[in-house]
Amino acid sequence: MRDYLLTLCVTAAVTYLLTGPVRKFAIATGAMPEIRARDVHREPTPRLGGIAMFFGLCAGLLVADHLQNLNSVFELSNEPRALLSGAALIWLIGVLDDKFELDALIKLGAQMISAGVMVIQGLTILWLPIPGVGTVALTRGQGTLLTVALVVLTINAVNFVDGLDGLAAGMVCIAAAAFFLYAYRLWYGYTIEAAAPATLFAAILMGMCLGFLPHNMHPARIFMGDSGSMLIGLILAASAISITGQVDPDVLKLFEGSTREATHAALPVFIPLVLPLTIIAIPMADLILAIVRRTWNGQSPFAADRGHLHHRLLEIGHSHSRAVLIMYFWSALIAFGTLAYSVHSTSMWIVLTVVFLSAIGLVLLLLPRFAPRAPRWAESFVPPRYRRRRTVATEAADATVPVSVSVEEPMDERIPVPAGVNGSTAIGHRSRFTDRRKAGTPS
């Protein structure tokens with residue numbers, strides 16, 4: 001576990017430290033598209049954050065290769081090299097798209113080729129554990145088609161959800177954390193060495209997202225762009241493929257005894273069929289709804305619009321930060337709920353807890369106007385939007401300075417911040433003001 005944590009920390013540190021220089025590089029090269037109709041942000045923001053994330057991936061793999069306990073992953077398996085090859089290709093296409101806006105069909109073809117590159121090097125689904133049947137071996141063609149389909153669906157699901165500051169990176173980080181716990185338990189608890197690559201991929205993916213999030217939280221100073229969203233989507237899919245296709249359920253002798261007992265015993269092995277789908281359940285639902293909506297309206301499935309789930313949360317009155325937190329909540333509930341059920345499938349408390357938390361999530365969805373306020377003693381630890389409004393007279397009294405006015409005035413008046421390369425606006429001569437208007441309201 002220490003080696004995995006070290007790899008995670010190195011990946012996060014490299015990603016975090018490189019994001020600043022990458023941001024300035026994006027500004028210098030003009031990788032800052034104009035504001036589009038579907039965008040939520042109000043200022044042109046540099047992309048190409050995927051460059052820092054890719055080098056974080058390379059650093060994580062390099063460190064793991066030199067650790068004694070993780071070196072065997074590279075010696076016994078070709079999957080890390082397969083992942084790096086596919087990731088490099090999809091990352092390169094993403095960088096070109098962030099700069100030159102490539103056609104959607106070109107990106108789709110690049111996604112399929114990247115998946116094919118991984119299949120050629122051995123990162124593919126070889127068999128499937130089917131409840132009540134056992135292990136079903138797949139032909140080379142079936143394994144290739146299933147692998148490519150899973151990679152393309154996961155990449156596009158993550159890409160579709162990348163619409164708010166910090167949303168895609170946070171949701172994928174939650175997914176990677178759940179998958180890491182599952183894969184580590186399969187590797188450590190069941191002593192299955194074939195699960196080690198997936199455990200390493202999940203740890204590195206967590207580090208990439210954690211290192212990028214401080215720069216990407218609202219208001220974002222840089223976007224990951226397609227170079228980042230397609231990259232982390234591919235790594236998430238590769239983790240699922242590694243466990244689903246390489247771990248042989250027959251090694252665990254789980255299909256013995258009665259059908260009911262065998263099904264419960266084999267549940268940790270069946271979970272790879274379900275966990276990747278539950279991890280990306282929210283992005284996948286958004287992807288399916290977007291395709292149906294656009295096709296119904298006579299548009300191309302690849303046409304962009306403002307009908308995604310995060311856009312709808314903004315339309316009903318939720319703030320930017322709250323919409324992101326709600327999406328985090330549902331992603332964590334589904335992913336970790338499935339993970340807990342895989343460990344204790346017979347426990348009714350897990351089901352009741354998931355139902356209770358789901359009810360809380362529904363209440364939060366119905367309270368877009370509710371503004372939580374932190375207590376006085378905790379105000380210095382929370383963002384200004386969660387602090388209580390204070391008057392000029394109150395603040396003056398706290399500072400023991402006499403004042404002659406008692407007119408109430410909010411503390412969050414719009415304070416100008418100079419724009420420029422080192423400012424959050426990145427370009428232009430305008431000053432940036434704190435604007436509390438909701439997205440979609442007229443300027």
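Details of the structure are given in the entry above.
The structure reproduced in this document is the subject of the present report. (Residues numbered from 1 in each chain as written. Predicted model: local features only at pLDDT ≥ 70, side-chain atom pairs only at ≥ 80, totals over all residues. Heavy atoms only, no water.)

**A short note on the overall build of the protein chain**
The test is simple: Only runs of H or I of at least four residues qualify as helices and only runs of E of at least two qualify as strands under DSSP, and these elements are numbered from the N terminus. Contacts between residues were defined by any pair of non-hydrogen atoms, one from each residue, lying within 4.5 Å. Only the protein chains shown count as cover for residues, and all accessible areas are computed by the Shrake-Rupley method using a 1.4 Å probe.
On a plain count of helices and strands, the protein chain comes out with 16 helices and two strands. Across the protein chain, every contact between residues at least 6 apart in sequence was considered, and the portion connecting residues at least 24 apart equals 72%. In the form shown here, the protein chain has an accessible surface area of approximately 21600 Å², with 66% of it arising from carbon and sulfur atoms.

**Observations concerning the pattern of salt bridges**
This is how the line gets drawn: The term salt bridge refers to a side-chain nitrogen of Lys or Arg lying within 4 Å of a carboxyl oxygen of Asp or Glu. Only protein chains enter the accessibility calculation, which uses a 1.4 Å probe; a residue is then buried when its area is under 20% of its type maximum, exposed when over 50%, and partly exposed in between.
Following the criterion strictly, the structure yields three salt bridges and no others. The salt bridge involving Glu101 is made with Arg47; its shortest N-O contact spans 3.3 Å. In this pair, Glu101 is assigned in the loop between helix 4 (79–100) and helix 5 (104–120) and Arg47 in the loop between helix 1 (2–29) and helix 2 (49–65), connecting sequence segments 54 residues apart. Note on Glu101: relative accessible area 43%, which makes it partly exposed. Here Lys107 makes a salt bridge to Asp97, at a shortest N to O gap of 3.6 Å. Of the two residues, Lys107 is situated in helix 5 and Asp97 in helix 4; the sequence distance between them amounts to ten residues.

**Some points on the packing of aromatic side chains**
The geometry of an aromatic ring pair is captured by the separation of the ring centres together with the interplanar angle, meaning the angle of the planes. Test applied: Stacked, tilted and edge-to-face pairs are distinguished by plane angle, under 30 degrees for stacked and over 60 for edge-to-face with tilted covering the rest, among Phe, Tyr and Trp rings (Trp via its six-membered ring) whose centres lie within 6.5 Å.
If you walk through the whole model with that rule in mind, you get ten aromatic pairs. When the centroid spacing of 4.3 Å and the interplanar angle of 10° are considered together, the rings of Phe54 and Trp91 count as stacked. Of this pair, Phe54 sits in helix 2 while Trp91 sits in helix 4; the two residues are 37 residues apart in sequence, bridging distant segments of the chain. Each member of the pair, Phe54 together with Trp91, is buried. Measuring from ring centre to ring centre gives 5.6 Å for Tyr184 and Trp187, while their planes differ by 55°; the resulting arrangement is tilted. Of this pair, Tyr184 and Trp187 both sit in helix 7 (residues 167–189), separated by three residues, roughly a single helical turn. In terms of burial, Tyr184 and Trp187 fall into one category: buried. These aromatic residues form a ring-pair network of at least three members: Tyr4, Phe180, Tyr184 and Trp187.

**Some details on a nonpolar patch on the surface**
The criterion, for reference: Patch membership requires over 30% relative accessible area and the absence of a salt bridge. Like charges are linked within 9 Å, and nonpolar side chains (Val, Leu, Ile, Met, Phe, Trp, Tyr) within 5 Å.
On the surface, a cluster of nonpolar side chains totalling about 650 Å² of accessible area is made up of Tyr341, Met348, Trp349, Val351, Leu352 and Val355. With five residues, helix 15 (residues 348–365) is the largest single contributor of residues to the nonpolar patch. Structurally, the position occupied by Trp349 is in helix 15. For Trp349, a relative accessible area of 67% corresponds to the exposed category.

**Details of the packing of helix 5 against helix 6 (residues 140–161)**
Threshold: Fitted lines through C-alpha atoms give the axes, limited to the stretch in contact for helices. The angle between two N-to-C directions lies from 0 to 180 degrees. Comment on the angle field: the value is read as roughly parallel under 35 degrees, roughly antiparallel over 145, roughly perpendicular from 65 to 115, and oblique elsewhere. Left-handed is the label given to a crossing in which the near helix is rotated counterclockwise from the far helix by less than a right angle, and right-handed is the label when the rotation is clockwise. For this classification, Asp, Glu, Lys and Arg are treated as charged, while Ala, Val, Leu, Ile, Met, Phe, Trp, Tyr, Cys and Pro are nonpolar and the rest, including Gly, are polar.
The interhelical angle for the contact between helix 5 and helix 6, taken along N-to-C directions, is 130°, at an axis separation of 9 Å. By the angle class used here, helix 5 and helix 6 are oblique. Considering how the two elements wind past one another, helix 5 and helix 6 form a crossing that is right-handed. Contacts between helix 5 and helix 6 pair Leu108, Gln111, Met112, Ala115, Gly116, Met118 and Val119 from the former with Thr144, Thr147, Val148, Val151, Val152, Ile155 and Asn156 from the latter. Class assignment of the residues belonging to the contact of helix 5 with helix 6 gives a composition of nine nonpolar, five polar and no charged.

**Quick look at the nonpolar core**
Heads up, the rule is: Only buried residues count toward a nonpolar core. Its members are Ala, Val, Leu, Ile, Met, Phe, Trp, Tyr and Cys residues joined through side-chain atoms within 4.5 Å.
Formed by 89 residues in total, the largest nonpolar core has its most connected members in Tyr4, Leu57, Leu200 and Leu231. For this core, the leading source of residues is helix 7, giving 17 residues. Leaving out residues up to four positions away in the same chain, Leu200 has contacts with Tyr4, Thr7, Leu61, Ala64, Leu70, Val73 and Phe74.

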